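Structural characterization, general
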Amino acid sequence: MSDFGRKDFTEQASDKLKPNSQKSTTEQIGDQASSTYDRAASAIQPDSQKSTPQKAGDHLRGGSDSAQDNTKGVAQSVSDTVSNAAQSAKETITGNKQ
């Protein structure tokens, strides 16, 4: 169980398990936006104000974020997601994959 306003742990796992190739563009944008928000909330909220499960979840995900070299700012992450979604939509419409 996650803290109020935070992305639920089961939803996070579900997002990771379903390949992007099986997600709609809208789903991909939503996943990225909610994940970016949750990472920002994790960084802003002090550990002293988090529940024990939320602390554990944030620390576990923090390790995976570091492993993925997730050093971009929030604005850059959103920009990349929108750009990728637009490219995906273009490929779907035109049938061309580059």
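Throughout what follows, the structure given in this document is the object of discussion. It should be emphasised that the depicted structure is a prediction, and the values quoted were computed from it without experimental measurement. Going along each chain's sequence as written, the residues are numbered from 1 onward. Reporting of local features is limited, given that this is a predicted model, to residues whose pLDDT is at least 70; pairs of side-chain atoms are given and counted only at 80 or more, and all residues count toward the totals for whole chains, interfaces and linings. As a rule here, side-chain values come from all non-hydrogen atoms in the structure, and water together with hydrogens is ignored.

Another aspect to go through is the overall build of the chain. Secondary structure follows DSSP: runs of H or I at least 4 residues long count as helices, runs of E at least 2 residues long count as strands, and numbering of each begins at the N terminus. Along the chain, the regular secondary structure elements total four helices and zero strands. Going from the N terminus to the C terminus, the chain shows its helices and strands as α-α-α-α. Across the chain, contacts joining residues at least 24 apart in sequence account for 62% of those joining residues at least 6 apart. For the area figures, the Shrake-Rupley method with a 1.4 Å probe applies, and any residue is considered shielded solely by the protein chains shown. Working note: accessible area of the chain is about 6700 Å², and carbon and sulfur atoms make up 56% of it. Note on contacts: a residue pair is in contact if any heavy atoms of the two residues lie within 4.5 Å.

Glancing now at the environment of Lys 7. Relative to the helices and strands, Lys 7 is located in the segment before α1 (9-17). Residues Lys 7 and Ala 41 lie 34 residues apart in sequence; the distance between their C-alpha atoms is 9.8 Å. Filtering out sequence-adjacent residues up to four positions away, Lys 7 remains in contact with Ser 2, Gln 12, Asp 15, Asp 31, Ser 34, Ser 35 and Asp 38.

Quick look at the environment of Thr 26 now. Locating Thr 26 in the fold gives a position in helix α2 (residues 25-44). The rule is simple: take the accessible area with a 1.4 Å probe, protein chains only, and divide by the maximum for that residue type; under 20% is buried, over 50% is exposed, in between is partly exposed. Given the relative accessible area of 64%, Thr 26 is considered exposed.

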